[in-house]
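# Summary of structural features
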Amino acid sequence: MDHELNDTRNPGEARNRARQRRKWAFLIFAGLVGAVIGALLSGLENGEGNFLVGQIETLTMPAWAAIAMAAAFFFAFAVLPVWGFTQIDDYQMRQNLIGYAGGCIGAIAGYPIWAVLAMGGLVPHPTAFGIFVIAFTVTILTFLVAKLRG
């Protein structure tokens, strides 16, 4: 009987299900890209520093690996999101663009704010990873605000 219901779906329901499948496939693919980047980075970095807490001054990697990792980061943080915007409806794209723009503003404003607070002795000096965390956090918060405002 359920099979009969699936056969009588209207075209809008079929498109919506297909869109949902594409969305989940995209999210899984993006997660796999992130996992591969993380695994490769942990295997390629040499030295006593730590990429995640910003002690990258003592880390090294071969030039070919640095170029490959830079390309992978560009793909993960620029190409995939922009391509993903083409895979969702206009309403969802608007919410995602608002979140993406919020993250960019967070990074652009976060550094000078953090730097002057550090100059005043109120916080430690900015790190690249810290700016990334600010941008990522602001992206998520801005997206959630856009989503909740409907």
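Our subject is the structure listed above.
So, a few notes on the structure that sits alongside this text. Given the structure is predicted, the values throughout are model-derived calculations rather than measurements.

So, about helix H4 (residues 90-119). One full turn of an α-helix is made of 3.6 residues, so residues set three or four places apart face in the same direction. Here H4 is 30 residues long and its end C-alpha atoms lie 43 Å apart, about the 44 Å a rise of 1.5 Å per residue gives. Of all the bends in H4, the greatest reaches close to 30 degrees and is centred on Gly 110; the proline Pro 112 follows between one and four positions later. Count one or two residues on from H4 and you reach Gly 121, which has phi positive near 75 degrees.

Once that is clear, we can look at the side chain of Gln 95. Summarising the element assignment, Gln 95 is placed in helix H4. Overall, Gln 95 belongs to the buried group, its relative accessible area being 3%. The contacts of Gln 95, once residues within four sequence positions are left out, are Phe 143, Ala 146 and Lys 147.

A surface patch of nonpolar side chains, amounting to about 770 Å² of accessible area, comprises Phe 77, Phe 132, Val 133, Phe 136, Ile 140, Leu 141, Leu 144 and Leu 148. Along the chain, the position of Val 133 falls in helix H5 (residues 128-149).

Let us look at the nonpolar core. Phe 26, Val 33, Ile 37, Leu 41, Met 69, Ala 76 and Leu 80 together form the largest nonpolar core, which totals seven residues. Per-element tally for this core: the top contributor is helix H2 (residues 11-44), with four residues. Beyond its immediate chain neighbours, meaning those up to four positions away, Ile 37 contacts Met 69, Ala 72, Phe 73 and Ala 76.

We now examine the packing of aromatic side chains. Evaluated as defined, the whole model comprises six aromatic pairs. Seen in terms of ring centroids, Phe 29 and Phe 75 are 6.4 Å apart; in terms of plane orientation they differ by 90 degrees. Their pairing is edge-to-face. Here Phe 29, found in helix H2, pairs with Phe 75, found in helix H3 (residues 63-85); they are 46 residues apart in sequence, far enough to count as distant. Take Phe 29: its relative accessible area is 41%, and that puts it in the partly exposed class. Here the aromatic rings of Phe 77 and Phe 132 are separated by 5.6 Å at their centres, their planes lie at 75 degrees, and the arrangement is edge-to-face. Taken together, the residues Phe 77 in helix H3 and Phe 132 in helix H5 connect sequence positions 55 residues apart. Residue Phe 77 is classed as partly exposed on the basis of its relative accessible area of 41%. Each residue in the set Phe 73, Phe 77, Phe 129, Phe 132 and Phe 136 is aromatic and connected to the rest through ring pairs, giving one cluster.

Thresholds applied
Residue numbers run consecutively from 1 along every chain, following the written order of its sequence. Reporting of local features is limited, given that this is a predicted model, to residues whose pLDDT is at least 70; pairs of side-chain atoms are given and counted only at 80 or more, and all residues count toward the totals for whole chains, interfaces and linings. As a rule here, side-chain values come from all non-hydrogen atoms in the structure, and water together with hydrogens is ignored. Counting from the N terminus, the helices are DSSP H or I runs at least four residues long and the strands are E runs at least two residues long. The span you would expect from a helix comes to 1.5 Å times its residue count less one. Fitting axes to the seven residues that end at a residue and to the seven that start at it, the angle between those axes gives the bend at that residue. Between buried and exposed lies partly exposed: a residue is buried under 20% and exposed over 50% of the maximum accessible area for its type, with that area taken using a 1.4 Å probe on protein chains only. Residue contacts follow a heavy-atom distance rule, with two residues in contact if any of their heavy atoms lie within 4.5 Å. Within this analysis, patches are made of residues with over 30% relative accessible area and no salt bridge. Like charges are joined at 9 Å or less; nonpolar side chains (Val, Leu, Ile, Met, Phe, Trp, Tyr) at 5 Å or less. Surface exposure here means Shrake-Rupley accessible area, sampled with a 1.4 Å probe, where a residue is shielded only by the protein chains that are shown. Each reported salt bridge corresponds to a side-chain nitrogen of Lys or Arg within 4 Å of a carboxyl oxygen of Asp or Glu. Throughout this description, the term nonpolar core refers to a set of buried Ala, Val, Leu, Ile, Met, Phe, Trp, Tyr and Cys residues connected via side-chain atoms within 4.5 Å. Centre distance within 6.5 Å is the pairing criterion for rings of Phe, Tyr and Trp, where only the six-membered ring of Trp is used; planes under 30 degrees apart are then read as stacked, over 60 as edge-to-face, and the remainder as tilted.

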